[in-house]
Amino acid sequence: MINKQVVARGLLGLARGMSSMKWPAFGYARARSLQDVWRLQSEHGDGARLIAGGQTLLATLAFRLSEPTVLIDITQVPELRGVSVEAGTLRIGALTRHAELGRDELIARHAPLLREAVPYIAHPAIRNRGTIGGSLAYADPAAELPACVVALGATLVLASAAGERRVRAEDFFTGLLETALRGGELITAVEVPIATAATRSTIAEVARRSGDYAMAGLAVHLSLGSNGQVAAPRLVYFGVGNGPVLAKAAGAALAGRRLGAESIAAVQAALAGDLDPPSDLHGPPEMKRHLARVLTGRALSRFLPATEVAA
Amino acid sequence: MNDMPTPESIGLSREDLPNSYIGRSVPRPNVPKLVQGRATYTDDVQLPRLVHAAFLRSPHAHARIARIDAAAAMQVPGVVRVFTGADLAKVCDPWVATLDHLKGMKSAPQYPLPLERATWQGEPVVAVVADSRAAAEDGVAALLVEFEPLPAQLDMETALAPGAVVIHPQLGDNLVFTRTAEKGDVAAAMAAAHKVVEATFVTGRHTGVTLEPRSIIADYNRAEGTLTVHHSTQAPHMMQGVFAKQLRLEDGQVRVICKDVGGSFGIKVHVYPDEVAVAAMARILGRPVKFVADRFESFVSDIHARDHRIKGRIAVDADGKILAFDIDDLTGIGPYSVYPRTSAIEGNQVVNLCGGPYDFANYRCTTTVVLQNKTPTCQYRAVGHPIATAVTEGLVDLAAEALGMDPIEIRRRNLIRDDAYPYTSPPGMRFEGLSHHAALDKLLQMVPVDRIRADQAEQRKRGVHRGLGFASFIELTNPSPFMYGIGGARISAQDGATVRMDPDGSVVVMSGVTEQGQGTEGILRQIVAHGVGVPVERVKVITGDTQTTPYGGGTWACRGAGIGGEAALQSAIALKQQILVVAGAMLQAAPDSLDIVMGQVVDRDTGRERMPLAELGRIVYYRGDTLPKDLPRELVQTRHFITKEYPFAFTNGIQASWVEVDTETGMVKLLEHWCVEDCGRVVNPLLVDEQVRGGIVQGLGGALYEHCVYDEQGNLLTTTMADYLVPMSAEMPDMHVGHVETPTKESLLGAKGAGEAGTAGAPAALMNAINDALRPLGARVTEQPFTPARILAALSRI
Ligand SMILES: Cc1cc2nc3c(=O)[nH]c(=O)nc-3n(C[C@H](O)[C@H](O)[C@H](O)COP(=O)(O)OP(=O)(O)OC[C@H]3O[C@@H](n4cnc5c(N)ncnc54)[C@H](O)[C@@H]3O)c2cc1C
């Protein structure tokens, strides 16, 4: 009758942090500059964790999924703040709160996709605290912002004591809750190529309740010629994989074609090759694939001239 | 028990009760305290020498506890002591949750912490007591417990099959209870019927999610030999008896204090092993021990409910007359029946309530209650009602569909006539007076059916699928001892109230029913203010203390207003009569020529003010020498109330739900919801409406979102508020509430229960609405929750 012997060491042996909802004891330090961050990191080594909005980190600490010795609060680091435009690039500081994304004029003008995404992210109280840097660093596969930055063809600016480097958003997300961030590195900003007159972008998702993580979602970014021809389409799905999924086959099915019922159907068909969703509490992989197809149709139809939508 | 005044004996019709607060939306007295953060929840109670408990809970659905090594845990700073099942068994007896009137029922002895085996994931196995909760959790993390996993019995469908894992070998099998109610000749009726339709329904396992989690502080005082328990509970007196019995104390040695409670919904009326463990640890340590369940623990250890699979058949004749119901219910209740109400009552309620609103002759209903290695289930808001209503109303709609009949028409033809009472239903439920047809008529005044049907047809042309669904229901409230008492449970069906007047003319009422956040204290205050004749502001309400309030059952099964309210009304009226005797002596008037209105003694006929109550109080308490020597002057009265004529006061109602189903995504949008219910006398319309709305939300939550999901190993996957989805305001529809009032004649107040009606009918109305939307597409859902995945599967989209 006995399958195997296992030793459960209180919570540690348990799958999901059983029996704990109180944080472990940890220290707290507030950094006032990047130099401060590097200093604190070298003092505390592996035990240090960055905290920005805390909207994800604090919950995971309560489950004792990790037990850092010190939290380094980066919210007072000026280098990580602000939204600006320089040389055709929109620079969004890592500390930009979700709520700020939703009301910033520059973002509305140059990266409207981000503004459109904000109402889908959690609830107002969380949006007032959560930051874009935190969302990207955590890389939840069902989160909106990782998919948006990939769709926008953005570049992430990463910094560490050793210096700065840039990583394309699509190369940044490397696996389930995994990113290209190295030890001691943080995200300082996101750089987004600014929208042109031909740019079209939108986000669509299905969530069980408003503010929930998506069962399936899609961020689209493309250029639409005056003749209705699509160039450089980037369809990025979320909630259907280990991270944001840039659908290459679907993109190829659309690139260079006129946007219409036919090309949309082709994109939907091509998706089969792009998506391999895991099942989750909401349903099986077939459901996620189905929802992705439905969302694709709904999202792309938004770019059709009004006369063609009626059907 | 004292004689009960009747409306006639006090010379009034029920409707004329003077200067009445009854029937008015008087604000609740405890609201400012609650919203200003000045409530006293159990967790707010600070005691000297307090220590905190945390539990190591079983990571396995079923496992032998091979070894417990506490050495490292004892080294953790702040840890005071570690307790195992064997440690606690020395001072605490196990309990077995069966009821004598549920024939053949069996369950196994349950200890506060198990001795040999853990039988569900989340069962408390070892307790660590420390200076702080954080230290106690550190201690738990340092425990070394070796589990040998055993095969788990998870699926209720195979619980009785050969080869099933018998969870308690001494019981022989996993059968807890089975009962069949039979009336008439179902087989013959089915054979002769014009149409017979059948379906299988599943109601999802869900749980209560109280805002305030289960909380307890137990303090054993060795000097006095007393155990004082601060407890977030619905039933302080019942818990007093439980702690006394399990810890081998006299009832009188135990005091249970329950101040503010942040929601219960039935979750806090049961005996939980971790809570009894806290009392046992306090008994051993001789100091106060606190335990507050965190949200994670709540999901794995609060009772779950409604894990049922029901096969149902309905037979109708060509006119749509219902001939028979044939129902087979199966429910899995976890590894133990829960003490002391037992986990067989929910299934038993399904047997009692199916077909409830309808007049029909042939009935067969079986419930089978089995054990499984999941969190124990027990009574949760509207116990069994949402299940029975979903099955009944689902079948009635299917019959209407088979007949091509309108769902309103089939109900009109079959609902028990409003002049048919008293009426006994096929499973033997006795109804004193219900108002199904009046409620239906009222509902149809509120629901613009023609406009909705026109909109539905119009939208269909555009590929938008909307549906309208109805659900009639009955609800069992004001239970007599027939619910638990006859089964041997020490659960009081009677409740009492003491009402007294103090020298300043203010009034204090002490009641055995309790406040869970639903407004019990508000209605008690209104009733007493009405009964004595004082402004509501002059009445203070005290509940939740076994040492000061009259003995009673507490708050459950919608009895607060009907039982506790009546006891309060009777004692208030008795106090008024007593005051008028004194006033008569002081004013040299016949007591029955006087009355009390808004704190003034007045002439009954003219209303002329004679004396403020404060003046009467001053003389009684400080200048008693000026009163006649033989004048009785006790300005305090106590009355108890219990229903005697009917085992239960049934209420009834009907709900309607209007929804839109996105047939591409499977998402359901709730557009509008209506409920007409009859809870007898409405004491406070605002509170009743909000009870109904809250109940509807809870019903809709269970039908759309809430689900305790297990994997094949018996791991509960939904242990956070991100995974266990409760209904939120953004998704809730506008809800319209209407009333029909058929007061019970068993009491002067005439109130029945109102807290569960919303929950009873909402899932069925929603299911019927979704299926109304899906019908032209040939799809149907009967398995709750109605998730996008299930709706898409029904539509063959996935
Ligand atoms: C109830 C609830 C619902 C939610 N729903 C959604 C939703 O629908 N969609 C969604 O996208 N999100 C949702 N979130 C998450 C929310 O958006 C978080 O705010 C976000 O994911 C994390 O941002 P933060 O600033 O709070 O990060 P924190 O919690 O502070 O940090 C998260 C992680 O990122 C690291 N980190 C933070 N900043 C940086 C940086 N600049 N460089 C490197 N590492 C960094 C931290 O060390 C930590 O590991 C929800 C959260 C809650 C509590």
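On a predicted model such as this, the values are computed, not experimentally measured, just so you know.

K.L.:
What am I meant to see in the overall build of chain B here?
P.N.:
Broken down by element type, chain B carries 19 helices and 30 strands. Here the C-alpha atoms of chain B give a radius of gyration of 27 Å, agreeing with the 28 Å that 2.2 N^0.38 yields for 798 residues. Referenced to the eigenvectors of the C-alpha coordinate spread, the extents of chain B come out at roughly 85 × 75 × 45 Å. For chain B, with 798 residues in total, the buried portion stands at 66%. For chain B, contacts bridging at least 24 residues in sequence account for 80% of all contacts bridging at least 6. If you sum the accessible surface of chain B, you get close to 26,400 Å²; carbon and sulfur atoms cover 50% of it. In chain B, which carries 76 positive and 92 negative side-chain charges, the distance between the mean positions of the two groups comes to 2 Å.

K.L.:
I keep staring at the site of the ligand and nothing clicks. Help me out?
P.N.:
Residues and elements named next belong to chain A. Near the ligand there are 30 residues, and of these Leu-50, Gly-54, Leu-57, Thr-131 and Glu-144 occur at the shortest range. One of the side-chain nitrogen or oxygen atoms of Tyr-213 is found 3.0 Å away from a nitrogen atom of the ligand. Relative to its unbound accessible surface of 970 Å², the ligand loses 88% to contact with the protein. When contributions to the shell around the ligand are tallied by element, the ones reaching two or more residues are strand S3 (48-51), helix H7 (132-138) and strand S11 (186-193). Looking at the shell around the ligand element by element, the count peaks at four residues for H7. Of the residues assigned to the shell around the ligand, the class counts are 16 nonpolar, eleven polar and three charged.

K.L.:
So what exactly am I meant to see when it comes to the nonpolar core here?
P.N.:
Residues and elements named next belong to chain B. Grouped together as the largest cluster of nonpolar side chains are 158 residues, with contacts concentrated most on Leu-227, Met-281 and Ile-770. Per-element tally for this core: the top contributor is helix H18 (residues 757-774), with eleven residues. Counting contributing residues, this core receives three or more from each of domain 1 (42-150 + 211-264 + 267-301) and domain 2 (304-481 + 645-794). Not counting chain neighbours up to four residues away, the residues in contact with Leu-227 comprise Ala-218, Asp-219, Tyr-220, Phe-243, Leu-247, Leu-249, Gln-253, Val-254, Arg-255 and Ala-279. Counting residues in hydrophobic clusters, the runner-up holds 48 residues, among them Ala-568, Leu-580, Leu-631 and Ala-751.

K.L.:
How do you make sense of the sheet that holds strand S24 (residues 594-597) of chain B when you look at a structure like this?
P.N.:
All names here are of chain B. A sheet is described by the order of its strands in space; here three strands give the open sequence S24-S25-S26, paired in antiparallel fashion. The open sheet has two edge strands with one neighbour each: S24 and strand S26 (609-612). With direction set aside, neighbouring strand axes in the sheet form an average angle of 30°. Against the sheet, helix H15 (residues 560-587) touches S24, strand S25 (600-603) and S26, its axis set at about 120° to S24.

K.L.:
Looking at this model, I keep getting lost on the sheet that holds strand S4 (residues 70-73) of chain A. Mind explaining?
P.N.:
Strand pairs in the sheet, formed through backbone hydrogen bonds, run parallel or antiparallel to each other. All names here are of chain A. The strand order across the open sheet built from three strands is S2-S4-S3, with neighbouring strands paired in parallel fashion. The sheet terminates laterally at strand S2 (27-30) and S3, the two strands that pair on one side only. Taken over all neighbouring pairs, the strand axes of this sheet differ in orientation by 25° on average, direction set aside. Looking at chain direction, S3 and S4 are connected through four bridges and run parallel. Counterpart to Arg-49 in the pairing with S4 is Leu-71.

K.L.:
Any chance you could explain the interface of chain B and chain A here in plain terms?
P.N.:
Bring the parts together and some accessible area is lost; that lost area is often taken as the interface size. The interface of chain B with chain A comprises 52 residues on the first partner and 39 residues on the second. Buried area between chain B and chain A, summed over both chains or domains, comes out near 3,900 Å², and the portion from carbon and sulfur atoms is 62%. It is B:Glu137, B:Phe296 and B:Ile798 in chain B that bury the most area against chain A; as a group they hold 14% of the surface buried on that side. The tally of links between chain B and chain A comes to two salt bridges.

K.L.:
What is the right way to look at the environment of B:Ser506 in this model?
P.N.:
All names here are of chain B. Mapped onto the fold, Ser-506 is located in the loop between strand S21 (495-501) and strand S22 (507-511). Dropping the residues within four chain positions of it, Ser-506 is found in contact with Arg-500, Met-501 and Arg-538. A polar atom in the side chain of Ser-506 sits 2.6 Å from the side chain of Asp-504.

K.L.:
I tried to follow the confidence of the model for chain A on my own but got confused; where do I start?
P.N.:
Detailed reading of the predicted coordinates is not advisable wherever pLDDT is low. Averaged over all residues, the pLDDT of chain A is 92; the fraction at 70 or higher stands at 92%. The model gives residues 1-17 of chain A a pLDDT under 50, and that stretch makes 49 contacts with residues more than four places away or in other chains.

K.L.:
Any chance you could explain unusual backbone geometry here in plain terms?
P.N.:
What you tend to see is this: most non-glycine residues have negative phi, and most peptide bonds are trans. Residues and elements named next belong to chain B. In this model, Tyr-339 is joined to Pro-340 through a cis peptide bond whose omega is -15°. The residue Pro-340 is located in the loop between strand S16 (322-332) and helix H9 (345-353) in this model. Non-glycine residue Arg-248 carries a positive phi angle of around 60°. Mapping Arg-248 onto the fold places it in the loop between helix H6 (236-246) and strand S12 (254-257). For Asn-478, which is not a glycine, the phi torsion comes out positive at approximately 45°. Mapping Asn-478 onto the fold places it in the loop between strand S20 (465-477) and S21. Residue class for Asn-478 comes out buried when judged on its relative accessible area of 2%.

K.L.:
What is the right way to look at the domain arrangement of chain A in this model?
P.N.:
Residue and element names in this part refer to chain A. On domain assignment, one finds that chain A holds domain 1 (19-73), domain 2 (78-193) and domain 3 (199-310). Summarising the inter-unit geometry, the C-alpha centres of domain 1 and domain 2 are found 20 Å apart. Listed as interface residues are twelve residues of domain 1 and, on the opposing side, 16 residues of domain 2. Per-residue buried area on domain 1 facing domain 2 is highest for Leu-34, Trp-38 and Gln-55; these three make up 49% of the total on that side. At the junction of domain 1 and domain 2, the tally comes to zero salt bridges. For the pair domain 1 and domain 2, the interface holds one residue pair in polar contact (both at pLDDT 80 or more).

K.L.:
What am I meant to see in the packing of aromatic side chains here?
P.N.:
Ring pairs (aromatic) are described by centroid distance and by the angle formed between their planes. All names here are of chain B. Per the counting criterion, the structure on display carries twelve aromatic pairs over all chains. Centre to centre, the rings of Trp-95 and Tyr-339 are 6.4 Å apart; their planes meet at 35°, and the pair counts as tilted. Linking Trp-95 in the loop between helix H3 (85-89) and strand S4 (117-118) with Tyr-339 in the loop between S16 and H9, this pair joins segments that are 244 residues apart in sequence. With a relative accessible area of 2%, Trp-95 lands in the buried category. Exposure remark for Tyr-339: the relative accessible area of 13% places this residue in the buried category. An aromatic cluster is defined as three or more aromatic residues linked by ring pairs; in this entry it consists of Tyr-421, Tyr-423, Phe-431, Phe-648 and Phe-650. Residue placement shows Arg-341 over the ring face of Trp-556; its charged tip is 4.4 Å from the ring centre. Over the ring of Tyr-646 we find Arg-430, and its NZ or CZ is 4.7 Å from the ring centre.

Rules behind the numbers
The residue count restarts for each chain, going from 1 along the sequence in the order it is written. For this description, chains carry letters from A and ligands carry numbers from 1, given in the order in which they are written. Only residues with pLDDT of 70 or above have their local features reported here, since the model is predicted, and side-chain atom pairs are shown and tallied only from 80 upward, although totals for entire chains, interfaces and linings are computed over all residues. As a convention, hydrogens and water are excluded, and side-chain values are obtained from all of the structure's heavy atoms. Secondary structure elements follow DSSP: runs of H or I no shorter than four residues count as helices, runs of E no shorter than two count as strands, and numbering proceeds from the N terminus. For the radius of gyration, the atoms used are the C-alpha atoms, and the globule rule reads 2.2 Å times the number of residues raised to 0.38. The classification of residues rests on relative accessible area computed with a 1.4 Å probe and restricted to protein chains. Under 20% of the type maximum is buried, over 50% is exposed, and intermediate values are partly exposed. Contacts between residues were defined by any pair of non-hydrogen atoms, one from each residue, lying within 4.5 Å. We get accessible surface area from the Shrake-Rupley algorithm with a probe of 1.4 Å; when it comes to residues, only the shown protein chains can shield them. His is not counted here, nor are the chain ends, while Lys and Arg score as positive and Asp and Glu score as negative. Every charge is mapped onto a representative atom, which is NZ of Lys, CZ of Arg, CG of Asp or CD of Glu. Any residue with at least one heavy atom within 4 Å of a molecule or strand is counted as near it. Here a polar contact is recorded for every N or O atom pair within 3.5 Å, except that within protein the pair must consist of a potential hydrogen donor and a potential acceptor, and residues adjacent in sequence are included only if both atoms are side-chain atoms. By the convention adopted, Pro, Cys, Tyr, Trp, Phe, Met, Ile, Leu, Val and Ala count as nonpolar, Lys, Arg, Asp and Glu as charged, and the other residues, Gly among them, as polar. The definition of a nonpolar core used throughout is a set of buried Ala, Val, Leu, Ile, Met, Phe, Trp, Tyr and Cys residues joined through side-chain atoms within 4.5 Å. The source of the domain bounds is an automatic or database domain assignment. Strand pairing follows a simple DSSP-based rule, namely that at least 2 bridges must link the two strands. To get an axis, a line is fitted to the C-alpha atoms, and for a helix only the part in contact is used. The angle between two axes follows their N-to-C directions and goes from 0 to 180 degrees. Accessible-area loss on putting two parts together, using a 1.4 Å probe and summing over both, is the definition of buried area adopted here. For this analysis, a salt bridge means a side-chain nitrogen from Lys or Arg found within 4 Å of a carboxyl oxygen belonging to Asp or Glu. On a range of 0 to 100, pLDDT expresses the predictor's confidence in each residue. Only the six-membered ring of Trp is used, alongside the rings of Phe and Tyr, when aromatic pairs are assigned; centres must lie within 6.5 Å, and planes under 30 degrees apart are stacked while those over 60 apart are edge-to-face, with the rest tilted. In this scheme, the term charge over a ring applies when either NZ of a lysine or CZ of an arginine sits within 6 Å of the ring centre and within 35 degrees of the ring normal.

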